[in-house]
Amino acid sequence: MSDCLFCKMVAGDIKPDVVFEDDAVLAFRDVNPQAPTHVLVIPKRHIATTNDLDAASADVVGKLYLAAKQIAADEGIAGPGYRMVMNCNPGAGQSVYHLHLHLLGGRPMHWPPG
Ligand code: AMP
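All values reported here derive from a predicted model rather than from experimental measurement. (Residues numbered from 1 in each chain as written. Predicted model: local features only at pLDDT ≥ 70, side-chain atom pairs only at ≥ 80, totals over all residues. Heavy atoms only, no water.)

Asks: I would appreciate a short explanation of the sheet that holds strand β4 (residues 82-85) in the present structure.
Replies: The strands making up a sheet associate through backbone hydrogen bonding, with each pair oriented either parallel or antiparallel. Overall, antiparallel pairing links the 5 strands, which are arranged β1-β2-β3-β5-β4 in an open sheet. Each of the sheet's edge strands pairs with one partner strand only, and the pair in question is β1 (18-21) and β4. Across the sheet, the axes of successive neighbouring strands diverge by a mean angle of 20°, strand direction being ignored. Two strands pair when backbone bridges link them, and strand β3 (residues 37-43) and strand β5 (residues 101-105) are joined in this way by 5 bridges, in the antiparallel orientation. What sits directly across from His38, in β5, is Leu104. Each of β1, β2 (25-29), β3, β4 and β5 touches helix α2 (residues 58-75); the most contacted strand, β3, lies at about 155° to it. (Pairing = 2+ DSSP bridges. Helix = DSSP H or I, 4+ residues; strand = E, 2+ residues; numbered from the N terminus. Axes fitted to C-alpha atoms, helices over the stretch in contact; angles between N-to-C directions. Contact = heavy atoms within 4.5 Å.)

Shown next as structure tokens:
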């Protein structure tokens, strides 16, 4: 989508701080980190929200989690622990309407998340 910020990153028009990339997934550091490690893991294909997931997108969702697992290991947070979050729609605080998995770690995480 031409007006989507994260699609522009996939296209190379905007250059984030990339930490992982393969054929289906791009991962980069959040510009406003909420933890020492805060990485966004996105599908290269545009999917707006988790409400738009279907059987055809199940494969890429698995790839997001596998990439996040690898990044967590690379960042040294796999052992201490980390949090993975997908916000859906305004009530959950979604601000960019291209599916993304937040990978957060490097500090204690609290529950409930607020
Ligand atoms: P959400 O609020 O769940 O939609 O998350 C969107 C995330 O994108 C926020 O954590 C923002 O800080 C992050 N973000 C927005 N613009 C950029 C950017 N240009 N580069 C990296 N992260 C961004």
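That covers the picture; the talk isn't over yet.
Asks: For this particular structure, what's the right way to read the site of the ligand?
Replies: Taken together, 16 residues lie near the ligand, and Asp30, Asn87, Gly93, Ser95 and His102 sit nearest. A distance of 2.9 Å separates an oxygen atom of the ligand from a polar atom in the backbone of Gly93. Expressed as a share of its isolated accessible area of 500 Å², the protein-covered part of the ligand is 80%. Within the residue set of the shell around the ligand, elements represented by two or more residues are α1 (5-11) and β2. Looking at which element gives the most residues to the shell around the ligand, the answer is α1, with 3 residues. (Near = heavy atom within 4 Å. Polar contact = N/O pair within 3.5 Å; in protein donor to acceptor, adjacent residues only side chain to side chain. Areas by Shrake-Rupley, 256 points an atom, 1.4 Å probe, with all protein chains shown as cover.)

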